[in-house]
Amino acid sequence: MNNNNVNWFEIGTNHPQETMDFYSKMFGWKFQEYTDMENEYYNIIEPGNEYPTGGILGTAGKIAEYSTFYTLVSDVDKAIKAAKDNGATVIWGPVTDKTGLTFARLNDSTGHQFGVFSAGQ
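Calculation notes
Residues numbered from 1 in each chain as written. Predicted model: local features only at pLDDT ≥ 70, side-chain atom pairs only at ≥ 80, totals over all residues. Heavy atoms only, no water. Pairing = 2+ DSSP bridges. Helix = DSSP H or I, 4+ residues; strand = E, 2+ residues; numbered from the N terminus. Axes fitted to C-alpha atoms, helices over the stretch in contact; angles between N-to-C directions. Contact = heavy atoms within 4.5 Å. Polar contact = N/O pair within 3.5 Å; in protein donor to acceptor, adjacent residues only side chain to side chain. Buried < 20%, exposed > 50% of the residue type's maximum accessible area, 1.4 Å probe, protein only. Arc of directions from axis to C-beta. Patch = residues over 30% accessible without salt bridge, like charges linked within 9 Å, V, L, I, M, F, W, Y side chains within 5 Å. Areas by Shrake-Rupley, 256 points an atom, 1.4 Å probe, with all protein chains shown as cover. Salt bridge = Lys/Arg side-chain N within 4 Å of Asp/Glu carboxyl O.

### Notes on the sheet that holds strand β1 (residues 6-13)
Logical step 1: Spatially, eight strands are ordered β2-β3-β4-β1-β5-β8-β7-β6 in an open sheet, and the strand pairing comes out mixed. Where the open sheet ends on each side, the last strands, each with one partner, are β2 (30-33) and β6 (89-96). Along the sheet, successive strands turn relative to each other by an average axial angle of 25°, direction set aside.
Logical step 2: The pairing of strand β5 (residues 66-72) with strand β8 (residues 113-118) spans three bridges and is parallel. By the bridge assignment for β8, Leu72 is matched with Phe117.
Logical step 3: Packed on one face of the sheet, helix α2 (residues 76-85) meets β6, β7 (102-107) and β8 and runs near 10° to β7.

### Notes on the side chain of Thr19
Logical step 1: Position of Thr19 among the secondary structure elements: in helix α1 (residues 16-27).
Logical step 2: There is a polar contact of 3.1 Å between the side chain of Thr19 and the side chain of Thr13.

### Some details on α2
Logical step 1: Residues of α2 that are buried: Val76, Ala79, Ile80 and Ala83. The arc that holds the buried residues of α2, viewed along the axis, is 100°, so those residues lie on one side. Across from the buried face of α2, at angles greater than 90 degrees, the exposed residues are Asp77, Lys78, Lys81 and Asp85.
Logical step 2: Of the surrounding elements, those touching the buried residues of α2 are β6, β7 and β8.
Logical step 3: One side-chain oxygen at the N-terminal end of α2 lies 3.0 Å from the backbone nitrogen of Asp77; it belongs to Asp75.
Logical step 4: Just past α2, the residue Gly87 takes up positive phi, approximately 100°.

### With respect to a nonpolar patch on the surface
Logical step 1: Taken together, the side chains of Phe22, Met26 and Phe27 make up a nonpolar region of the molecular surface, amounting to roughly 320 Å² of accessible area.
Logical step 2: Following the sequence through the fold, Met26 ends up in helix α1.

### A closer look at the side chain of Thr71
Logical step 1: Following the sequence through the fold, Thr71 ends up in strand β5.
Logical step 2: When sequence neighbours within four positions are dropped, the list of residues in contact with Thr71 reads Asn4, Asn5, Val6, Gly115, Val116 and Phe117.

### Quick word on the pairing of strand β4 (residues 54-58)
Logical step 1: With respect to burial, β4 is a largely interior element, five of its five residues being buried.
Logical step 2: Relative to β4, β1 runs parallel, the two sharing five bridges. Residue pairing in the sheet places Glu10 in a bridge with Gly55 of β4.
Logical step 3: The pairing of strand β3 (residues 41-45) with β4 spans four bridges and is antiparallel.

Remember that the coordinates give geometry; whether it matters functionally is a separate question.
The following block contains the structure:
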């Protein structure tokens, strides 16, 4: 994985099982429960990949459903500052999970959602 490249995507849905069923049938994606977060979350493993490249977040009706991408950065706080300096707004975060993975979701200067993340130590 390289910094400043898209390395993760995510689908937020009120209906995670139905969403997983759809993408499993459509693209042959496999799913693996991820328990290091407070929310219901499933890693996506695309055909031919050994490791996850995306995830499905069960939103439980608490936030609007979405699809977005995440870009790997060396420092999430610095990336948030740079984004805000260029007109972005923070939706939430930064958040650090139990493994040390830190991530945040933002709206760019025109309102499009995107995320940034950095790997744990």
